[in-house]
Amino acid sequence: MTVESTAARKPRRSAGSKAGATGTEATAGTTRAAAAKATGAQRTAGANRTTRSTRAAAKRDGEPQLVQLLTPEGKRVKDAEYDPYVADVTPEELRGLYRDMVLTRRFDAEATSLQRQGELGLWASLLGQEAAQIGSGRALRDDDYVFPTYREHGVAWCRGVDPTNLLGMFRGVNNGGWDPNGNNFHLYTIVIGSQTLHATGYAMGVAKDGADSAVIAYFGDGASSQGDVAESFTFSAVYNAPVVFFCQNNQWAISEPTEKQTRVPLYQRAQGYGFPGVRVDGNDVLACLAVTKWALERARRGEGPTLVEAYTYRMGAHTTSDDPTRYRHDDERVAWEAKDPILRLRRYLEASNHTDEGFFAELEAESEALGRRVREAVRAMPDPDHFAIFENAYADGHALVDEERAQFAAYQASFATESDSGFAAGEGGN
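First, a word on scope: everything that follows refers to the structure included in this document. (Residues numbered from 1 in each chain as written. Predicted model: local features only at pLDDT ≥ 70, side-chain atom pairs only at ≥ 80, totals over all residues. Heavy atoms only, no water.)

**Some thoughts on the environment of asparagine 175**
Thinking step 1. Locating asparagine 175 in the fold gives a position in the loop between helix H7 (167-171) and helix H8 (180-183).
Thinking step 2. In sequence terms asparagine 175 and leucine 187 are twelve residues apart; their C-alpha atoms lie 8.3 Å from each other. (Helix = DSSP H or I, 4+ residues; strand = E, 2+ residues; numbered from the N terminus.)

Listed below in structure tokens is the structure:
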């Protein structure tokens, strides 16, 4: 499927950006042509300003710099650098952010249950990462373009992609159930880190087209060790591409902790490529919204790429084929549960008198309705073709593939039916 340049299409408003969209859209900055003439000294000055701003937001006690606007207790923290990016967020929009996170978590829980019931072949949960995805997703304009991995269910929600369309690939009945050009949201990418190259190339095209939109690429801490990501950083910096690299550092690359992947905080890697990096509290939806808006506006002004490290935690397994109890302790999860992004915003809403029990009750009913709709949609999908995996491996066929297909057919045929095995109706035992 061909992905068109955003400059070749008129901006569209997706369903996701209407419901719960936060803040006013950023005004367009300088043209791409003018931005291309920026001198190296100007770029360095911009990076230095960024360093000062993140230093101002640094936590005490010598910890890495972290932008936070909402504490785990739901208290608002002032930040002179990033407050302006959420100053116009209304109570209604705050409730919209809360609704987005709750419904995304409900969808994710339903998908996990469906996989356990055999309805999906695999599922990659986002549990615990809702604030990073909803905050960054709501910072996007309609004409911005998103390149996700396979876990960005919350960002897909923000872009107006129907949640049920995400599940066909995990059931094995399609390669992605949506048109990328319909919502400026690319298909899920399974190959680790490759989407950062796609995003960089697309952003370079956006700049050449003279559009003022931006591109965002999502990836995890594990993907940051891939060569594709390093190449993307190099090209985006050299060509001043309007791209935001949004890394969700959920602490674990399957079973490898972050400290086994890097000697420095991930956001500091950007310094070696000549563009700014910032670490944000990934469980703080307001901070994620503010920092992503700031980074996107930099890109639109022609100031080049930014690396955002959303410091969060993967509460569940890497995928449903993983067992996290084999490599991490329960007390680690308990500590992060206290930083839950949804509970954090709820505390703030209640303390600020921005909502009431009626809102939460209605949202609970909406959440259950979404779960039912997802179940019904998945169970109405066809079963996957078990032999499709052997197709198109080679253009003209291959003897080894033919042999493997025959072996698999024999294996499938070896399973007896219920009547053949004596477990027909009325014959079953305990």
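What follows picks up the thread again.
**Here's the deal with a nonpolar patch on the surface**
Thinking step 1. Together, Phe235, Val238 and Tyr239 make up an exposed nonpolar region whose accessible area comes to about 330 Å².
Thinking step 2. Summarising the element assignment, valine 238 is placed in helix H10 (residues 227-238). (Patch = residues over 30% accessible without salt bridge, like charges linked within 9 Å, V, L, I, M, F, W, Y side chains within 5 Å. Areas by Shrake-Rupley, 256 points an atom, 1.4 Å probe, with all protein chains shown as cover. Salt bridge = Lys/Arg side-chain N within 4 Å of Asp/Glu carboxyl O.)

**Here's the deal with the pairing of strand S2 (residues 215-220)**
Look at any regular strand and the pattern is simple: side chains alternate between the two faces of the sheet.
Thinking step 1. Burial of S2 is extensive: five of the six residues sit out of reach of the surface.
Thinking step 2. Here strand S1 (residues 145-147) runs beside S2; their pairing, made up of three bridges, is parallel. Its bridge partner being in S2, valine 146 is matched across the sheet by isoleucine 216.
Thinking step 3. Assessed by its sense of winding, the connection that carries the chain from S2 through H10 to strand S3 (residues 243-249) is right-handed. (Buried < 20%, exposed > 50% of the residue type's maximum accessible area, 1.4 Å probe, protein only. Pairing = 2+ DSSP bridges. Right-handed = clockwise from strand over helix to strand, strands pointing away.)

**Here's the deal with the side chain of asparagine 250**
Thinking step 1. Mapped onto the secondary structure, asparagine 250 falls in the loop between S3 and strand S4 (252-253).
Thinking step 2. Taking relative accessible area as the criterion, asparagine 250 reaches 6% and is therefore assigned buried.
Thinking step 3. With residues up to four places along the chain from it excluded, the contact list for asparagine 250 reads Gln129, Arg151, Asp221, Thr312, Tyr313 and Arg314. (Contact = heavy atoms within 4.5 Å.)

**So, the nonpolar core**
Thinking step 1. Core analysis: the largest hydrophobic core is formed by 69 residues, its most contacted members being Tyr98, Leu167 and Leu345.
Thinking step 2. Top contributing element to this core by residue count: helix H11 (residues 285-300), with eleven residues.
Thinking step 3. What leucine 167 contacts, discounting residues up to four positions off in sequence, is Phe107, Ala111, Leu120, Trp123, Val374, Val378 and Met381.
Thinking step 4. One finds Tyr202, Ala223, Ala237 and Ala241 within the second-largest nonpolar core, a separate group that totals 22 residues. (Core = buried A, V, L, I, M, F, W, Y, C linked by side-chain atoms within 4.5 Å.)

**Details of the pairing of strand S6 (residues 277-281)**
Thinking step 1. Where burial is concerned, most of S6 is hidden: five out of the five residues are buried.
Thinking step 2. Of the two faces of S6, the one lined by Gly277, Arg279 and Asp281 and the one lined by Val278 and Val280 are each fully buried.
Thinking step 3. Bridge analysis of S6 against strand S7 (residues 306-311) gives five bridges, and the strand direction is parallel. Residue pairing for S7: arginine 279 is matched across the bridge by glutamate 309.
Thinking step 4. For the crossover that starts at S6, traverses H11 and ends in the parallel S7, the hand is right-handed.

**Focus: the packing of aromatic side chains**
Thinking step 1. Scanning the model with the defined rule gives 29 aromatic pairs in all.
Thinking step 2. Between tyrosine 145 and phenylalanine 147 the ring centres are 5.2 Å apart and the planes differ by 40°, which places this aromatic pair in the tilted class. There is no split in this pair, since tyrosine 145 and phenylalanine 147 are both buried.
Thinking step 3. Among the aromatic residues, those joined into a cluster by ring pairs are Phe107, Trp123, Phe170, Trp178, Phe185 and Tyr188.
Thinking step 4. Note that lysine 339 overlies the ring of tryptophan 336, its terminal NZ or CZ placed 4.1 Å from the centroid.
Thinking step 5. The ring of phenylalanine 360 has arginine 346 sitting right over it, with the charged end atom 3.6 Å from the ring centre. (Phe/Tyr/Trp six-rings, centres within 6.5 Å; stacked < 30°, edge-to-face > 60°. Lys NZ or Arg CZ within 6 Å of the ring centre and 35° of its normal.)

**Considerations on the packing of helix H9 (residues 194-209) against H10**
Thinking step 1. One can describe the packing of H9 onto H10 by two numbers: an axis separation of 7 Å at closest approach and a directional angle of 15°. Considering the angle they form, H9 stands roughly parallel to H10. Where H9 crosses over H10, the handedness of that crossing is left-handed. Two secondary-structure elements touch here, H9 through Ser194, Thr196, Leu197 and Thr200 and H10 through Asp228, Val229, Glu231, Ser232, Phe235 and Ser236. (Axes fitted to C-alpha atoms, helices over the stretch in contact; angles between N-to-C directions. Parallel < 35°, antiparallel > 145°, perpendicular 65-115°, else oblique. Left-handed = near helix turned anticlockwise from the far one by under 90°.)

**Focus: the packing of helix H5 (residues 130-137) against H11**
Thinking step 1. Two elements in contact, H5 and H11, have axes whose closest approach is 7 Å; the angle formed by their N-to-C orientations is 40°. In terms of orientation, H5 and H11 fall into the oblique class. The interaxial crossing formed by H5 with H11 has right-handed handedness. Mapping the contact onto sequence places Ala131, Ala132, Ile134, Gly135 and Ser136 in H5 and Val285, Cys288, Leu289 and Thr292 in H11.

**Considerations on the side chain of arginine 279**
Thinking step 1. Residue placement: arginine 279 occurs in strand S6.
Thinking step 2. Polar contacts involving the side chain of arginine 279 include one to the side chain of glutamate 309, which spans 3.0 Å.
Thinking step 3. Aside from chain neighbours lying at most four places away, what touches arginine 279 is Pro64, Gln65, Leu66, Val67, Asn249, Pro265, Leu266, Tyr267, Glu309 and Tyr311. (Polar contact = N/O pair within 3.5 Å; in protein donor to acceptor, adjacent residues only side chain to side chain.)

**Notes on the sheet that holds S3**
Thinking step 1. With parallel pairing, the five strands of this open sheet are ordered in space as S1-S2-S3-S7-S6. Each of the sheet's edge strands pairs with one partner strand only, and the pair in question is S1 and S6. Averaged over all pairs of adjacent strands, the angle between their axes in this sheet comes to 20°, without regard to strand direction.
Thinking step 2. Pairing of S2 with S3 involves six bridges; the strand directions are parallel. Within S3, the position partnered with tyrosine 218 by the bridge is phenylalanine 246.
Thinking step 3. The strands touched by H9 within the sheet are S1, S2 and S3, with S2 carrying the most contacts at an inclination of about 170°.

**As for the pattern of salt bridges**
Thinking step 1. Tallied over the entire structure, the rule returns 26 salt bridges.
Thinking step 2. Among the ionic pairs, glutamate 391 bridges to arginine 405, the shortest N-O distance being 3.9 Å. In this pair, glutamate 391 is assigned in the loop between helix H14 (357-379) and helix H15 (399-413) and arginine 405 in helix H15, connecting sequence segments 14 residues apart.
Thinking step 3. Looking at glutamate 391, the relative accessible area reads 45%, which means it is partly exposed.
Thinking step 4. When its relative accessible area of 25% is taken as the criterion, arginine 405 is described as partly exposed.
Thinking step 5. One salt-bridge network, held together by shared partners, links Arg106, Glu110, Glu368 and Arg375.

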